[in-house]
Amino acid sequence: MKEYKKALVLLNMGGPRTKDELKMFLTNMFNDKNILTVKSSLLRRMIAFFIVKSRLDSAWQNYEEIGGFSPINKITESLVEKLNNKFEDIYVTQAMRYTPPFATTCVEELKQKGIKEVILLPLYPQYSTTTTKSSLEDFIEASKDEFKIEVIEPFYKNEKFNETIIKELISNVQNTNEYNLIFSAHGLPQKIVDNGDVYEQHVNEHVKILSNMLEQKGYNFKSINLAYQSKVGPLKWLEPSLETMLEKFKNQKVLIYPIAFIIDNSETDFELSIEYKEVAHKLNIHDYKVCKCVNDSDEFQDTIKQLLGR
């Protein structure tokens, strides 16, 4: 058996493979203090229970429309396998936040391999307390000071990463000047941003970087826009919503890029590709296209190598 001193751990939210795992996913997510920011853990558990009870069946119907599971698991497993084939001296694995494989399982795996140093790569290009901070805290708590830990910072400014996004954008349309480009980011309650979360700032900076790159390369979209998806509940969320943005482009063509995601999941495969496609159809949008995430592409593997200084 090959011996390693160092491991790279990919961190992400996870996704359900069955209805039972969907219940687990929702229960764990709404019990996360970074998601439901109420101070009382008892109150959080009660709120989580009622949310899961009310949403489970309807949420599962959405998953049934994309095959009964989230694509995030198979794609991440493929990315891990490909990276392990690329690295000679680093063992690559993963830890998900809300569904298996959990951080506790990952930690035990690394201990059994005698690994002493761990590099954590949160697969969220922009920082948020609800994603990056939550996943890092989860792994660090599970590791109990077992390893020397290095954290890869948010990488939305990385040129190789952004070149990969540009390549995906251009591969989806023949004439960019016929399309309105919408960068769609997962939304956040406004109060989380007001409390100091830098996510909105990072997303805005990322859109500006990509817009400048497109301009420099001579790709002129009809318009470039930012919108937010996935709003739930009565609270005010980041605006504009994707639905509101789509209303501006009746009788036009639209290209969507899921700017906050690295791996395709239910928000890309159901929400963007099915749910909002129906909205676009009702608005008589002539062409509605959704880009794929960078996923396990060769280009993103090279981005990870670069992030590791290799």
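So, how was this worked out
- Along each chain, residues carry numbers from 1 onward, in the same order as the chain's sequence is written.
- This being a predicted model, a pLDDT of at least 70 is required before a residue's local features are given, and a value of 80 or more before pairs of side-chain atoms are given or counted; all residues contribute to the totals for chains, interfaces and linings.
- Hydrogens and water are ignored here; the side-chain numbers use all heavy atoms of the structure.
- We call Phe, Tyr and Trp rings a pair once their centres come within 6.5 Å, taking the six-membered ring for Trp, and we label the pair stacked below 30 degrees between planes, edge-to-face above 60, and tilted otherwise.
- The numbering of helices and of strands both runs from the N terminus, where a helix is a DSSP run of H or I of at least 4 residues and a strand a run of E of at least 2.
- Lysine and arginine charges are scored as sitting over a ring when NZ or CZ, respectively, is within 6 Å of the ring centre and within 35 degrees of the ring normal.
- Per-residue accessibility, obtained with a 1.4 Å probe over protein chains only, is compared with the maximum for each type, and a residue is labelled buried under 20%, exposed over 50%, and partly exposed between these values.
- In what follows, a contact means two residues having at least one pair of non-hydrogen atoms within 4.5 Å.
- For two strands to be treated as a pair, DSSP must find no fewer than two bridges joining them.
- Every axis in this analysis is a line fitted to C-alpha atoms, fitted for helices over the stretch in contact. Angles between the N-to-C directions lie between 0 and 180 degrees.

Engineer: Looking at this structure, how should I read the packing of aromatic side chains?
Structural biologist: According to the stated counting rule, one finds 9 aromatic pairs in the structure shown. Relative to Y98, the ring of F25 has its centre 5.6 Å away and its plane inclined at 85°; by these criteria the two rings are edge-to-face. Taken together, the residues F25 in helix 1 (residues 19-30) and Y98 in the loop between strand 2 (90-96) and helix 4 (103-112) connect sequence positions 73 residues apart. Through a chain of ring-to-ring contacts, three or more aromatic side chains come together here, namely F155, F161 and F300. Sitting above the plane of the Y91 ring, K113 keeps its charged end 4.6 Å from the centroid.

Engineer: Where do I start with the environment of Q301 in this structure?
Structural biologist: Looking at the element boundaries, Q301 is found in helix 11 (residues 298-307). Take Q301: its relative accessible area is 2%, and that puts it in the buried class. Once the C-alpha coordinates of Q301 and M46 are considered, the two residues, 255 residues apart in sequence, prove to be 41 Å apart. Non-local contacts of Q301, meaning those with residues more than four positions away in its chain, are made with L79, K82, L83, K86 and D296.

Engineer: Would you take a moment to explain the sheet that holds strand 5 (residues 179-186) for this structure?
Structural biologist: Whenever strands of a sheet pair, they do so through backbone hydrogen bonds, lying parallel or antiparallel. Ordered in space as 6-5-7-8, the 4 strands form an open sheet in which the pairing is parallel. Looking at strand neighbours, the two that pair on one side only are strand 6 (223-229) and strand 8 (287-290), the edges of this open sheet. Across this sheet, the average inter-strand angle for adjacent strands is 25°, counted without regard to direction. Helix-sheet contacts for helix 6 (residues 159-171) involve strand 5 and strand 7 (253-258), and the interaxial angle to strand 7 is about 150°.

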